[in-house]
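Spelled out, the chains give:
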Amino acid sequence: MQRFLIVNPRSGADSPTAEELRDAASSRGVRVHLLADGDDLEALAREAEADVLGMAGGDGSLAAVADVAIERDVPFVCVPFGTRNHFARDLGLDREDPLAALAAFDEGTERRIDVGYGNDRLFLNNVSLGIYARLVHRREHHRRRRDALARLRALALTLRDRGRLQRFTIDGEHVRAQLVLVSNNAYTLDLLSLGERERLDEGKLHLYIPHGFRRITWEERSCTQLEIDGPQPRLRTAIDGEPLELDTPLSFRIEPKRLRVLVPRAPEPE
């Protein structure tokens, strides 16, 4: 069986290094490619001679390779190697130990999990609209200008817009909100933020809209598809934390158990 792992050295992880991760995977007989400037991630995954595709990176790059794995109908291996690694967390992996995730290549257990689509763009976690999407786009703009304070500058600009409500039309209903979030399966809700997902195979999209400033309450709906429109022909979104503009109206759907994921086998009980 041919196994192929792509490693993003710039994804945000500090330890182990990309080279250490490459060597550990190679020792298991896995072919490894370290992403370089100019590489086309999806083309690499699509053209690789592999029966199993793996990605070591953040949530955005994981989603890109997972999409190709679905296209090719091969299992996917997630190696947490980004800043937040939300998908790996909800999959039950140890986000602090990317080397342990490599065990999935060696007779890992296959799970079938849901994936979401926004305008045919796959997402593993969620799609954000409104204030968070603006933050992500501003941060990316400053990063491309090699601004060392990109995150702080983006946050300052976004806080300036804190009271601004954006207009959306959700399945024909007019809504004014700072943030709209569509997720692949349900999140637990904390006072000010989203928590974890208990399931990745519920077969439902969840829509979250926060209300209030000092005491946040969450409006939540579940569905299998929905449509979100806005006043502009394109909307800024954050798809699994990556900035992207999508044509309106945005069409969301969920495809239950579409992705084949290999995870390390649970240890045998003593």
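All residue numbers refer to position in the chain's written sequence, counted from 1. Owing to the predicted nature of the model, reporting of local features is limited to residues with pLDDT of at least 70; listing and counting of side-chain atom pairs is limited to 80 or more, with chain, interface and lining totals taken over all residues. To obtain the side-chain values, all non-hydrogen atoms of the structure were included, while hydrogens and water were left out.

## Some words on unusual backbone geometry
Here is step 1 of the chain: For the bond running from Thr248 to Pro249, omega is -5°, close enough to zero to count as cis.
Here is step 2 of the chain: Going along the chain from the N terminus, every DSSP run of H or I of four or more residues is numbered as a helix, and every run of E of two or more is numbered as a strand. By the element assignment, Pro249 lies in the loop between strand S15 (242–247) and strand S16 (250–263).
Here is step 3 of the chain: One non-glycine residue, Asp73, lies in positive phi territory at about 55°.
Here is step 4 of the chain: Relative to the helices and strands, Asp73 resides in the loop between helix H3 (59–72) and strand S4 (76–80).
Here is step 5 of the chain: A positive phi angle is found at Asp240, which is not glycine, with a value near 50°.
Here is step 6 of the chain: Along the chain, the position of Asp240 falls in the loop between strand S14 (234–239) and S15.
Here is step 7 of the chain: Exposure categories follow from relative accessible area, calculated using a 1.4 Å probe and restricted to protein chains: below 20% of the type maximum is buried, above 50% is exposed, and the middle band is partly exposed. The class of Asp240 is buried, set by a relative accessible area of 7%.

## Remarks on the pairing of strand S13 (residues 225–229)
Here is step 1 of the chain: Of the two faces of S13, only one is covered, namely that formed by Leu226 and Ile228; the face formed by Gln225, Glu227 and Asp229 stays uncovered.
Here is step 2 of the chain: In this scheme, strands are said to pair when DSSP sees at least two bridges between them. Sheet topology places strand S8 (residues 166–170) next to S13; two bridges connect them, and they run antiparallel. The partner of Ile170 across the bridge, within S13, is Ile228.
Here is step 3 of the chain: Where S13 meets S16, four bridges bridge the pair, whose relative direction is antiparallel. Note on S16: the bridge partner recorded for Gln225 is Arg253.

## Description of the sheet that holds S14
Here is step 1 of the chain: Read across the open sheet, the six strands follow the order S12-S11-S10-S7-S14-S15; overall the sheet is antiparallel. Here the strands that pair on one side only, and so sit at the sheet edges, are strand S12 (217–223) and S15. When strand polarity is set aside, the average angle formed by the axes of neighbouring strands in this sheet is 25°.
Here is step 2 of the chain: Taken together, the three bridges between strand S7 (residues 126–130) and S14 define a ladder with antiparallel strand orientation. Fitted lines through C-alpha atoms give the axes, limited to the stretch in contact for helices. The angle between two N-to-C directions lies from 0 to 180 degrees.

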